[in-house]
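The lines below spell out each chain.
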Amino acid sequence: MFTLLFSVLNLIVFSQQIESFETILNDKISIRAIELFDGKVWYSGTDSKFGYVDLKNPQNQKQIKLSEKKLQFRTLAQNKDAFYAINIESPAHFFRIDKKDLSVVNIYTDTLKTAFYDAFIFVNDEHAVTFSDPAKDLNLKLSFIMPKLNSVLDFNTLTKREGFNSIKLNEGEAAFAASNTNIVHYGTNIWIATGGKNSRIIKIDYTTLKSYIYKTPFIQGESSQGMYSIDFSDDKFGIAVGGDYTKQEANINNIATTNDGGETWQIQASGKNAGYMTCVKIKPGSKGKEIIAIGDKHISYSSDFGKTWKKIADEKGFYVCKWVDKNTVVLAGKDKISVMKLKF
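I will try to describe carefully the structure that is included in this document. Keep in mind it's a predicted model, so treat the numbers as computed, not measured.

Quick look at the pairing of strand 9 (residues 117-124) now. In terms of burial, strand 9 is largely enclosed, as seven of its eight residues are buried. Where strand 9 lies against strand 10 (residues 127-132), six bridges are found, and the strand directions are antiparallel. Within strand 10, the position partnered with Phe120 by the bridge is Thr130. Once strand 9 ends, the chain turns through two residues before running back antiparallel as strand 10.

Along the chain, the position of Lys236 falls in the loop between strand 19 (225-232) and strand 20 (238-244). Residue class for Lys236 comes out partly exposed when judged on its relative accessible area of 45%. Sequence separation between Lys236 and Gly333 is 97 residues; the distance between their C-alpha atoms is 30 Å.

What follows is about the pairing of strand 28 (residues 328-343). Within strand 28, twelve of the 16 residues are buried, which leaves it mostly tucked inside the rest of the structure. Direction of pairing for strand 1 (residues 17-37) relative to strand 28: antiparallel, over a ladder of nine bridges. By the bridge assignment, Phe21 is partnered in strand 28 with Met340. Summarising the sheet, strand 27 (residues 318-325) and strand 28 pair through six bridges and their orientation is antiparallel. Following the sheet pairing, Asp325 is matched in strand 28 by Thr328. Hairpin connection between strand 27 and strand 28: a loop of two residues separates the two successive antiparallel strands.

The next point concerns the state of the cysteines. Applying the stated criterion across every chain yields a total of zero disulfides. Here Cys279 is not disulfide-linked; the sulfur of Cys321 is the nearest cysteine sulfur, at 3.7 Å. Of the residues examined, Cys321 reaches a relative accessible area of 0% and is grouped as buried.

Thresholds applied
- Residues numbered from 1 in each chain as written.
- Predicted model: local features only at pLDDT ≥ 70, side-chain atom pairs only at ≥ 80, totals over all residues.
- Heavy atoms only, no water.
- Buried < 20%, exposed > 50% of the residue type's maximum accessible area, 1.4 Å probe, protein only.
- Helix = DSSP H or I, 4+ residues; strand = E, 2+ residues; numbered from the N terminus.
- Pairing = 2+ DSSP bridges.
- Disulfide = S-S within 2.5 Å.

Functional significance is not addressed by these values, which are geometric in nature.
Written out as structure tokens, the structure reads:
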């Protein structure tokens, strides 16, 4: 009787199915950052490629080059007027792409040899935040972009002008530019997830620049381990996923959730999930209950706040995903962009 009851409950919990799965872009490109705007999915990727694909009419697509150089992009952010993208490695160029005519302007260049920008978000139409791997002093390099002024205030400028306390990382601690999703914001808070020798959460109030650093029970200790992606449904509930890139089947201590804004974290589904994950996204309107996550070798789903997971597809080569609506997810990665519709 108990076995039957458990089976019925499990069926109810994991009632979602894939209704359709369509690839809408095939190209020689690696895509780790996407945005949604005007019914299209916009992307930045390798070989300086930037473009869009219409979600309703995939034949309507366009691609441009942000630079004559073969730059690699793993970041993309937008406000109401433009898209912004930063290439990894040094020199790091900050590009602005106008939404009206797709004209491109390089608004800033970071020439620091250690520059490697991991993620990039807008917190409102007037302010964006991005961060780079730390230099030798291990201070986290934060940059605040103000589009109206086409200006960039870097970490050192903020420290001198605003009295911003330095955020110091530990030796061997950095972030992963896996899907532009190891930074997220809600309200006035920004959360950044690190990995490697230490995997911690950095929380910043961007109005006061007050910062906090919290330890996590996530897998850590090696350069390939730690949190790769985070998402929050509100200022309290959040989820982090990741693992070990070199051991993708490993599934111990690679998922964690918080109910207090990132101060404490609880491991979920350890040993009972599909392994390494690069991107996690909470379903809009679900208040954190329904979550999708992807890895290089799977697509997984949780409908109980990340406590249990079901692998819903063995699709390979996806690095980043976003909810289009409550039933549709767009995914991008190695040489493709696809749209998955779920049936509940």
